[in-house]
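# Overview (structure and organization)
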Amino acid sequence: MRIWLDGGLRDADTARVSVFDHGLTVGDGVFETVKAVDGRPFALTRHLDRLTRSARGLGLPDPAHDEVREACAAVLAANPMPLGRLRITYTGGHGPLGSDRGAHGPTLVVALGEVTRRPDTTAVITVPWTRNERGALTGLKTTSYAENVVALARAHRHGASEALFANTVGQLCEGTGSNVFVVLDGEIHTPPVASGCLPGITRALTVEWTGARETDLPLDVVRRADEVFLTSTLRDVQAVHRIDDRELPGTPGPVTAKAMRIFEERSGHDLDPQVLPTG
């Protein structure tokens, strides 16, 4: 396996990041996960734009998009595989053992791991912890991910692949690594970004391509929704067949199945869908 580290390809077994890197010591970094199909990244422009927004939110210098694109292309070419998780990590770099940053500049790592296609349906749980919709990191994809690790481990103990959070006012927010959609009376709804959820790339495309509505929703909507589905880079659109102790049909419902078809067709047609103009 070959990865990109600070300017060039390295063997994964010998590549090293400093033990004083701020991404390791205090979680001072941002990242993106990009789906790669037969060596081609999906929605890379949108992912790079979000990487930049996240970096700015932490006060990091803007990542150089040309360099990141070069790194992605080099890693994909060096590690051919049918379906991959392309991980772009950008940290505060070498720094002191505290919250202050050093002057060495950021660290950039691009790595690739092989994955398999997700099943059409999955089980999820709700968790008692909340997302802070007013936090300093809200809406940023940072490497400070321990909260998600804890919640996902709880989900796995309950035979589920994802855990869903409410925000501090009891509204449905998001999963540990996914966005959530519900179907009510034939209409698709998803929490707005103001709920504190990450503005997912797959989420945005699903909203654009299906006409889903952004709606403030109570957490318990998942106990009465006609259908529930998740979106994420590696899930695409995935139906939910169990939420806590509530059983839903074992196959995707009609609205979810249509959303799955639309996403598969549109994403297959355009590997780098651009942001729609506003106004």
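Look up: the structure comes first, before these words.
What comes next is a walk through the structure. (Residues numbered from 1 in each chain as written. Predicted model: local features only at pLDDT ≥ 70, side-chain atom pairs only at ≥ 80, totals over all residues. Heavy atoms only, no water.)

## Let's talk about the environment of Asn148
By secondary structure assignment, the location of Asn148 is in helix α4 (residues 146–157). Classification of Asn148 by relative accessible area gives buried; the value is 7%. Placed 88 residues apart in sequence, Asn148 and Asp236 show a C-alpha to C-alpha distance of 19 Å. Discounting chain neighbours no more than four positions away, the residues touching Asn148 are Arg131, Phe165 and Thr176. A distance of 3.5 Å separates a polar side-chain atom of Asn148 from the backbone oxygen of Thr176. (Helix = DSSP H or I, 4+ residues; strand = E, 2+ residues; numbered from the N terminus. Buried < 20%, exposed > 50% of the residue type's maximum accessible area, 1.4 Å probe, protein only. Contact = heavy atoms within 4.5 Å. Polar contact = N/O pair within 3.5 Å; in protein donor to acceptor, adjacent residues only side chain to side chain.)

## Observations regarding the pairing of strand β13 (residues 227–232)
Most of β13 sits inside the fold, with 6 of its 6 residues counted as buried. Along β13, one buried face is formed by Glu227, Phe229 and Thr231 and the opposite face, lined by Val228, Leu230 and Ser232, is buried too. Linking β13 back to strand β14 (residues 236–243) in an antiparallel pair, the connection comprises 3 residues. (Pairing = 2+ DSSP bridges.)

## Thoughts on the packing of aromatic side chains
For the structure shown, the criterion picks out 4 aromatic pairs. On the numbers, 6.2 Å between centres and 70° between planes, the contact of Phe42 with Phe263 is edge-to-face. Linking Phe42 in the loop between β4 (40–41) and α2 (44–58) with Phe263 in helix α6 (residues 254–269), this pair joins segments that are 221 residues apart in sequence. Phe42 sits in the buried class, given a relative accessible area of 6%. Measuring from centroid to centroid gives 5.3 Å for Trp209 and Phe263, while their planes differ by 50°, and the two rings are tilted. Highlighted residues: Trp209 in helix α5 (residues 201–210) and Phe263 in helix α6, separated in sequence by 54 residues. For the pair Trp209 and Phe263, a shared accessibility class is recorded, and that class is buried. One aromatic cluster is present, built from ring pairs that chain together Phe42, Trp209 and Phe263. When the ring centre of Phe42 is taken as reference, the NZ or CZ atom of Lys35 above it lies at 5.2 Å. (Phe/Tyr/Trp six-rings, centres within 6.5 Å; stacked < 30°, edge-to-face > 60°. Lys NZ or Arg CZ within 6 Å of the ring centre and 35° of its normal.)

## Considerations on the nonpolar core
By size, the foremost hydrophobic cluster in this structure holds 24 residues, and its most contacted members are Trp4, Cys72, Leu86, Ile88, Tyr90, Leu108 and Val110. Elements with a contribution of two residues or more to this core: β3 (29–37), α2, α3 (65–78), β5 (83–91) and β6 (107–114). Among the elements that take part in this core, α3 stands out by supplying 6 residues, more than any other. When neighbours within four sequence positions are excluded, Ile88 is seen to be in contact with Val30, Phe31, Glu32, Val34, Leu44, Leu48, Leu51, Val68, Cys72, Leu108, Val109 and Val110. Within the second largest apolar cluster, 15 residues are counted, among which are Phe42, Ala43, Val207 and Phe263. (Core = buried A, V, L, I, M, F, W, Y, C linked by side-chain atoms within 4.5 Å.)

## A look at the pattern of salt bridges
Under the definition given, this model contains 14 salt bridges. With a closest N to O distance of 2.8 Å, Glu32 and Arg50 form a salt bridge. Of this pair, Glu32 sits in strand β3 while Arg50 sits in helix α2; the two residues are 18 residues apart in sequence, bridging distant segments of the chain. In this structure, Glu32 and Arg50 share a single accessibility class: buried. Residue Arg131 is joined to Glu174 by a salt bridge in which the shortest nitrogen-to-oxygen separation is 2.7 Å. On the criterion of sequence distance, the pair formed by Arg131 in strand β7 (residues 121–131) and Glu174 in strand β9 (residues 172–175) is long-range, its members being 43 residues apart. Just as Arg131 is buried, Glu174 falls in that class too. Ionic contacts of the salt-bridge type, sharing partners, join the residues Arg117, Arg118 and Asp120 into one network. (Salt bridge = Lys/Arg side-chain N within 4 Å of Asp/Glu carboxyl O.)

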